[in-house]
There are 2 protein chains.
Amino acid sequence: MASIKPSLAKGTRDFSPLEMDKRNFIFNTLKSIFRKFGYAEIQTPSFENLSTLTGKYGDEGDKLIFKILNSGDYLSKAPADLLESKSSNPLISHISEKALRYDLTVPFARYVVMHQNDIALPFKRFQIQPVWRADRPQRGRYREFYQCDVDVVGSSSLLNEAEFILIYNEALLKLGLKDFNIKLNNRKILSGIAEVVGKPELIVDMTVAIDKLDKIGLDGVNKELLERGFTEADLATLKPIIELQGSNLDKIASMKTVLSDSTVGMQGIAEIEEVFAYVEKFGRADLLEKVVEVDITLARGLNYYTGCIFEVKTNEVQMGSIGGGGRYDDLTGMFGLKDLTGVGVSFGADRIYDVLEELNLFPQGGSERTKLLIVNFDSAIEDFTLPLMYRLREAGVAVELYPSAVKLKKQMSYADSKAIPYVLLVGDEEVSSGQLSLKNMETGEQEKLNMDELIEKLK
Amino acid sequence: MASIKPSLAKGTRDFSPLEMDKRNFIFNTLKSIFRKFGYAEIQTPSFENLSTLTGKYGDEGDKLIFKILNSGDYLSKAPADLLESKSSNPLISHISEKALRYDLTVPFARYVVMHQNDIALPFKRFQIQPVWRADRPQRGRYREFYQCDVDVVGSSSLLNEAEFILIYNEALLKLGLKDFNIKLNNRKILSGIAEVVGKPELIVDMTVAIDKLDKIGLDGVNKELLERGFTEADLATLKPIIELQGSNLDKIASMKTVLSDSTVGMQGIAEIEEVFAYVEKFGRADLLEKVVEVDITLARGLNYYTGCIFEVKTNEVQMGSIGGGGRYDDLTGMFGLKDLTGVGVSFGADRIYDVLEELNLFPQGGSERTKLLIVNFDSAIEDFTLPLMYRLREAGVAVELYPSAVKLKKQMSYADSKAIPYVLLVGDEEVSSGQLSLKNMETGEQEKLNMDELIEKLK
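Residues numbered from 1 in each chain as written. Chains lettered and ligands numbered in written order. Predicted model: local features only at pLDDT ≥ 70, side-chain atom pairs only at ≥ 80, totals over all residues. Heavy atoms only, no water.

Undergrad: Just to check I follow, could you spell out the sheet that holds strand β15 (residues 436-440) of chain B for this structure?
TA: One key point about sheets: their strands pair by backbone hydrogen bonds, in either a parallel or an antiparallel sense. All names here are of chain B. Pairing is mixed across the open sheet formed by 5 strands, whose spatial order is β13-β12-β14-β15-β16. The outermost strands of the open sheet, each flanked by one partner alone, are β13 (399-401) and β16 (446-449). In this sheet, adjacent strand axes meet at a mean angle of 25° when their direction is disregarded. In terms of strand pairing, strand β14 (residues 422-425) meets β15 through 4 bridges, oriented antiparallel. Considered in β15, the bridge of Leu425 is made with Ser437. (Pairing = 2+ DSSP bridges. Helix = DSSP H or I, 4+ residues; strand = E, 2+ residues; numbered from the N terminus. Axes fitted to C-alpha atoms, helices over the stretch in contact; angles between N-to-C directions.)

Following this line, the structure appears as structure tokens:
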């Protein structure tokens, strides 16, 4: 076996114990909140039949799906002409029948359709699993990354939308964030605007342009709207909507004036009002003033969402959206199950990780780490330290004995590298007196404790 | 987009909420014990460079590795002659440079070598991730399944072996098993036996034959030994070892007699005695009588292990080993880092799942499920139920309100299908009296509680 210098596959990452600690802090926080709101975990396989995934993400998406080569003599049935002409693309379906999950949405749709007789609607599920994309890797963009989706299908109640606001708020607070906005829009409002302007066919062009308001300002948006087929008169109609200012209630009031002639637009406004009413009934009217922000420039996933649209941004660091989602009316149509409405949101775990890291918000002394290292001075003392270690573990304390009596300095640097918060120094003197020396690795302080006191302190 | 009837890729599984609940029970139990013993979690990417994996699992293993097709115009650099002759195997390295993880051991070795400057030895890690094999799927054998490995590298102390006995014992008890054996052998004892018989070159043949004692009996083993090159005289020497009976101490005493002339054999016995001494120091001499079983027919992974060998069997149901492992002296040699000793064990999560299922040992009312469903009789009552639900969640109770006021029967069957243990019935009368009707879905009992009593009961 030749010895090779190993490397990671491009765009992939190892996660060290300290990184896992932080990642698990994020995932565990989210999971416990999802469960409190009645969402249950599912998992789907890492690879699906290629036919399940192909055609769901557009031509560009199809190219980014990782295909798995068939096993065995995979070329035996490949058409000779495709091989001869080196036709990479047409050959794929002949030599690959499986592909890695590209997102969690299509596998979820497949799951719902396949298990439709076993699941009771509404089906509330969350799913936290890796997905794979053959993107060109770059800073912050990986070929393997986790998605974190929470969806309910089979319920049209806007209670679900209101609960997603509570979920986002609780999750981000629990993760340590203090200043963030949950932006809210409704696809029907965008349809209403296009209708009022008299150009419903230009809704996509309109939202693409409006979406850039932050970046290019009103003049830039107007210029783009003109290029995309709107008239000066249209711009005058659109102006009060694009420039919507003030509180959420002010915005809603303005929109009602502009959209009064559009049934669908007024319906979108009514949906937002109903979501607000639910949030108020939960006793959290404060969120509607401080956290939730109606933002009609929000056009995320326009071709997909049919009702409310969410996007979450932190105001504490420069970072794109850290979450988003919305209501869709046809998740499972691609697999032949029509008219199943759903609404869901996702959390951008990698971005949230970067935000917490930058703000230094990860908890110190992660709960998953070894809490105590017992220094090994002399294997003769193991008669004392092993029963002690047994008692500590019985009390639920994560503890280890350095497995050989090497130099103290090496043992201390081991504790450092594992971020172990306490070190116990047990020598002959400590064994005979029963007074053990516990060193706090962060403060450097040392205290004397007997065995019971030690267990009490650490458990 | 054509509508297709979806299916799972062959050999893969979806996990429903109730299955995830059970799987998480196993994984969480194991993780918390690993952490108590100072093991920390790492994760490696799902795919590795093909060159990292190839040649590590033998020719048969190489065939079972799932290869990922290169992206883009993957045929452009493929040799025309290989395409023309449809040479599937030689073509692989030209059209695939990545492959799915086949086990956790090789990626762990790569991890240790790549991060050798960042990790402090001994490095104690656990890893619970899926692996993929292009095996022919059959009952109980999947193409995607989880491995669950816990290893320490860089420590030759037999304290580690002793702790693995404690880990197995605690883990299996916590999972609810009552009657199991941790079988223990040592590769050096097997070497010693082959040495004493005078045929060290036949050690593999010998252990393969001895390994079948359970199945084919002593006569069968003897027959096979003769076929594999041993003489009648050898059989006479081997007989007392193969037929080793009695307590562990009896077996050790017999082995000492037989192996007294073999240095390596006596060293293997000494290692087992040292492991036993550690277990005794931990105060668990009872395990050496009731749970641990010295079994020199145990030959698991002979080409790999160099010291102690473990295998775990349950005696409560018919099932192959549910765990195993051992000490190896050259994990990272394949990547150029020599002489790094390690010892590790793994848990067979899928088999453990089947055992717990058969013995009905999964906890009732999994902690991860919704605890309370509030029945929706009338949306007007939401003014009462939403603040109640908010308070319950603040108290950490997983609760949901059925999102629309459909027929009671439908709501109750929803609670049933999600295995929600309690249902709250709130109508006008309950709202005005403040006495809420809580129904226990398992017993069918119903009781009246006010809001504070309800929170107290469920939290």
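Structure shown, so let's carry the discussion forward.
Undergrad: Could you clarify how one ought to interpret the UniProt feature "binding site: L-histidine" (unreviewed entry) in chain A in this entry?
TA: Residues and elements named next belong to chain A. Under the UniProt annotation, the feature "binding site: L-histidine" (unreviewed entry) is placed at Asp103, Leu104, Thr105, Arg133, Gln147, Asp151, Arg300, Tyr304 and Tyr305. Across 203 residues in sequence, these annotated residues place their C-alpha atoms as far as 22.7 Å from one another, rather than forming a single compact spot. For Tyr304, a relative accessible area of 34% gives the class partly exposed. Contacts of Tyr304, omitting those with residues within four sequence positions, involve Thr105, Arg327, Tyr328 and Leu331. As for its placement among the helices and strands, Tyr305 is situated in the loop between β8 (292-294) and β9 (308-314). (UniProt positions renumbered as here; feature names shortened; annotations may be inferred. Buried < 20%, exposed > 50% of the residue type's maximum accessible area, 1.4 Å probe, protein only. Contact = heavy atoms within 4.5 Å.)

Undergrad: In this structure, what is going on with the environment of Ser433 of chain A? I would like to understand it.
TA: Residue and element names in this part refer to chain A. The residue Ser433 is located in helix α18 (residues 428-433) in this model. The sequence separation of Ser433 and Leu359 amounts to 74 residues, and the corresponding C-alpha distance is 45 Å. A distance of 3.0 Å separates a polar atom in the side chain of Ser433 from the backbone nitrogen of Gln435. (Polar contact = N/O pair within 3.5 Å; in protein donor to acceptor, adjacent residues only side chain to side chain.)

Undergrad: Before we go on, may I ask you to explain the relation of the copies chain B and chain A in this structure?
TA: What relates the pair of chain copies is a rotation about an axis plus a shift along that axis. After a rotation of 180° and a shift along the axis of 0.0 Å, chain B superposes on chain A with an RMSD of 0.0 Å. With respect to symmetry, the two chain copies, as superposed, fit the operation of a two-fold axis. Proximity to the rotation axis, assessed at the C-alpha, singles out Ile68 of chain B in chain B; its C-alpha lies 2.2 Å from the axis. Here 100% of the interface residues in chain B have copies in chain A that are interface residues too; the copies meet face to matching face. (Least-squares fit on C-alpha atoms with pLDDT ≥ 70 in both.)

Undergrad: What's the story with the confidence of the model for chain A in this structure? I'm lost.
TA: Parts of the model with low pLDDT should not have their predicted coordinates read in detail. Summary statistics for chain A give a mean pLDDT of 93 and a share of 98% for residues scoring 70 or more. Predicted as a complex, the structure gets a pTM of 0.94 and an ipTM equal to 0.93. (pLDDT = per-residue confidence, 0-100.)

Undergrad: In this structure, what is going on with the interface of chain B and chain A? I would like to understand it.
TA: One frequently used descriptor of interface size is the decrease in accessible area upon assembly of the parts. Contact with chain B, which involves 108 residues of that partner, is made by 108 residues of chain A. Each partner contributes to the roughly 9,200 Å² buried at the junction of chain B and chain A, and carbon and sulfur atoms together form 59% of this total. For the interface between chain B and chain A, the tally reads 10 salt bridges. A salt bridge links Arg393 of chain B to Glu163 of chain A; its shortest N-O distance comes to 3.0 Å. (Buried area = accessible area lost by both parts, 1.4 Å probe. Salt bridge = Lys/Arg side-chain N within 4 Å of Asp/Glu carboxyl O.)

Undergrad: For this particular structure, what's the right way to read the pattern of salt bridges?
TA: It is possible for side chains of opposite charge to pair when their charged atoms get near one another. Tallied over the full model, the rule gives 65 salt bridges over all chains. Through salt bridges that share partners, Lys124 and Glu163 of chain A together with Arg393, Glu400 and Lys418 of chain B make up one connected network.

Undergrad: Is there a simple way to explain the side chain of Arg35 of chain A in this structure?
TA: Here Arg35 of chain A is to be found in helix α1 (residues 17-36). In contact with Arg35 of chain A, not counting residues within four places along its chain, are Glu41 and Phe126 of chain A together with Asn24, Glu368, Thr370 and Ala398 of chain B.

Undergrad: Help me out: how do you make sense of the packing of α1 of chain A against helix α7 (residues 159-174) of chain A in this one?
TA: In helix packing, the relevant descriptors are the interaxial angle and the interaxial distance, both defined with respect to the helix axes. All names here are of chain A. Orientation of α1 relative to α7, taken along the N-to-C sense of each, is 150°, at an axis distance of 10 Å. Taken as a pair, α1 and α7 cross one another with a handedness that is right-handed. Residues Phe25, Thr29, Leu30, Ile33, Phe34 and Lys36 of α1 form the contact with α7, whose participating residues are Ile167, Glu170, Ala171 and Lys174. Classifying every residue of the contact of α1 with α7 gives 6 nonpolar, 1 polar and 3 charged. (Left-handed = near helix turned anticlockwise from the far one by under 90°. Nonpolar A, V, L, I, M, F, W, Y, C, P; charged D, E, K, R; others polar.)

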